[in-house]
Amino acid sequence: MSAPRTRCARPSARFRPRRAAWAAADAGARERPPGPAAARAPVAACATVLALCFTYAFVRYVVFHGEPLASVPLYVTNKAVALGAALLIAAAAARPHAGWARGARSAGLCGAALHALASAVLLDPAYLPKLHGPGGRLSGWAELAILGGAGALVAFGALKLARPPGAPPRVARRVAHVALAIVGVHCAALGARGWMTPAAWPGGLPPITLLGFLAVLAGLAAAAAEARRSAPRPASPPR
């Protein structure tokens, strides 16, 4: 006669609190906020973008165009900040759910605000003669560019600072995309007339307004593709 089989003893009750503590510790480790290195990564990326934009603006306007070094602190830096803001905001629109998108939007908004303040100081025929007519007044294209830039800045600022708590995320994204399109209008109104004459580009380098416009187009195209991918698909009818 075979010996009766014995069941494996269940874990003692004294081990259950330990297992619960281990599970809680594991869940806490997964929910732990990123460390200092991960938190500094978006800041370093934004700083790198601005540094590259400043290098491009310096080479184009100082080295090839012949702007004096006295114009670097405000005039050249303003152009670099404007391009960096457009790149960061467009990148955030293209990848809205990425971990770095929130930091990019914040940095882009700060850059846009700085660009607006600096441009208000530089809005003079001595600095920007192409924006003024013979009598010293702003041209129609210049007024459209200023209106578009101010409108986009207000829209982005409202979404970032005064967004209603109950606003649906889809509505906020659409408003952000419209504001980004207005940034493209701002760039085109400022420099579209010079985009068609590449022979006149200093050093063969494209204008910053053209680069900003292309960044806006790329951001809007990527955002549209992301929206199509994330849209719920209709259920197929039963066969």
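Everything discussed here concerns the structure shown above.
Below you will find a few notes about this structure. It should be emphasised that the depicted structure is a prediction, and the values quoted were computed from it without experimental measurement.

**Focus on the side chain of N78**
Step number 1: The topology assignment puts N78 in helix α3 (residues 72-94).
Step number 2: Apart from the residues lying within four places of it in its own chain, the contact partners of N78 are L114, H115, A118, S119 and L122.

**Quick word on helix α5 (residues 140-161)**
Step number 1: With 22 residues, α5 extends 31 Å between its outermost C-alpha atoms, agreeing within 8% with the 32 Å of an ideal straight helix rising 1.5 Å per residue.
Step number 2: Listed as buried for α5 are A142, A145, G148, A152, F156 and G157. Buried residues of α5, seen end-on, are gathered within an arc of 160° and therefore sit on one face of the element. Set apart from the buried face of α5 by more than 90 degrees, the exposed residues are G140, L147, V154 and L161.
Step number 3: Looking at the buried positions of α5, the neighbouring elements they touch are α3, α4 (101-122) and α6 (169-195).

**Describing the packing of α5 against α6**
Step number 1: Contact geometry for α5 and α6: axes closest at 8 Å, N-to-C directions at 155°. In terms of axis orientation, α5 runs roughly antiparallel to α6. Between α5 and α6 lies a crossing whose hand is left-handed. On the side of α5, the interface is formed by W141, L144, A145, I146, G148, G149, A152, A155, F156 and L159, while α6 contributes A172, V175, A176, A179, L180, I182, V183, H186, A189 and L190.

**Structural notes on the nonpolar core**
Step number 1: Judged by nonpolar contacts, the single largest core of 13 residues is most densely connected at A57, Y61, V76 and I208.
Step number 2: Secondary structure elements with two or more residues in this core: α2 (36-64) and α3.
Step number 3: Aside from chain neighbours lying at most four places away, what touches I208 is Y56, A57, Y61, K79 and L83.
Step number 4: One finds A176, L180, V183 and V216 within the second-largest nonpolar core, a separate group that totals 11 residues.

**Some thoughts on a nonpolar patch on the surface**
Step number 1: A cluster of nonpolar residues, W141, L144 and V185, forms a patch on the protein surface that exposes about 280 Å² of accessible area.
Step number 2: Using a relative accessible area of 36% as the deciding quantity, one classes L144 as partly exposed.

**As for the pattern of salt bridges**
Step number 1: In the structure shown here, the tally under the stated rule is 1 salt bridge.
Step number 2: Among the ionic pairs, R229 bridges to E226, the shortest N-O distance being 2.7 Å. Of this pair, R229 and E226 both sit in helix α7 (residues 208-230), separated by 3 residues, roughly a single helical turn.
Step number 3: Classification of R229 by relative accessible area gives exposed; the value is 60%.

**A word on the environment of S119**
Step number 1: Position of S119 among the secondary structure elements: in helix α4.
Step number 2: Along the backbone, S119 and L74 are 45 residues apart, and their C-alpha atoms lie at a distance of 9.1 Å.
Step number 3: Within the structure, S119 has its side chain in polar contact with the backbone oxygen of H115 (distance 2.7 Å).

**Brief notes about the side chain of H186**
Step number 1: With respect to the helices and strands, H186 occurs in helix α6.
Step number 2: Beyond its immediate stretch of four places on either side in the chain, H186 contacts H115, A145, I146, G148 and G149.

**Things to note about the packing of aromatic side chains**
Step number 1: What the rule picks out here adds up to 4 aromatic pairs.
Step number 2: A centroid spacing of 6.3 Å and a plane angle of 35° characterise the contact between F54 and F58, whose relative ring orientation is tilted. One end of the pair is F54 and the other is F58, both in helix α2 and 4 residues apart, which spans about a single turn.
Step number 3: Members of the aromatic cluster, connected to one another through ring pairs, are Y61, Y75 and Y127.
Step number 4: Of note, R60 hangs over the ring of Y61, and the distance from its end group to the ring centre comes to 5.0 Å.

**A few points about the packing of α3 against α7**
Step number 1: Here α3 crosses α7 at 10°, and the two axes come no closer than 7 Å. For the element pair α3 / α7, the angle class is roughly parallel. From α3, K79, L83, A86, L87, A90, A93 and A94 reach across to α7, where they touch I208, L211, G212, A215, V216, G219, A222, A223 and E226.
Step number 2: Classifying every residue of the contact of α3 with α7 by side-chain character gives 12 nonpolar, 2 polar and 2 charged.

About the cut-offs
- Residues numbered from 1 in each chain as written.
- Predicted model: local features only at pLDDT ≥ 70, side-chain atom pairs only at ≥ 80, totals over all residues.
- Heavy atoms only, no water.
- Helix = DSSP H or I, 4+ residues; strand = E, 2+ residues; numbered from the N terminus.
- Contact = heavy atoms within 4.5 Å.
- Expected span 1.5 Å × (residues − 1).
- Buried < 20%, exposed > 50% of the residue type's maximum accessible area, 1.4 Å probe, protein only.
- Arc of directions from axis to C-beta.
- Axes fitted to C-alpha atoms, helices over the stretch in contact; angles between N-to-C directions.
- Parallel < 35°, antiparallel > 145°, perpendicular 65-115°, else oblique.
- Left-handed = near helix turned anticlockwise from the far one by under 90°.
- Core = buried A, V, L, I, M, F, W, Y, C linked by side-chain atoms within 4.5 Å.
- Patch = residues over 30% accessible without salt bridge, like charges linked within 9 Å, V, L, I, M, F, W, Y side chains within 5 Å.
- Areas by Shrake-Rupley, 256 points an atom, 1.4 Å probe, with all protein chains shown as cover.
- Salt bridge = Lys/Arg side-chain N within 4 Å of Asp/Glu carboxyl O.
- Polar contact = N/O pair within 3.5 Å; in protein donor to acceptor, adjacent residues only side chain to side chain.
- Phe/Tyr/Trp six-rings, centres within 6.5 Å; stacked < 30°, edge-to-face > 60°.
- Lys NZ or Arg CZ within 6 Å of the ring centre and 35° of its normal.
- Nonpolar A, V, L, I, M, F, W, Y, C, P; charged D, E, K, R; others polar.

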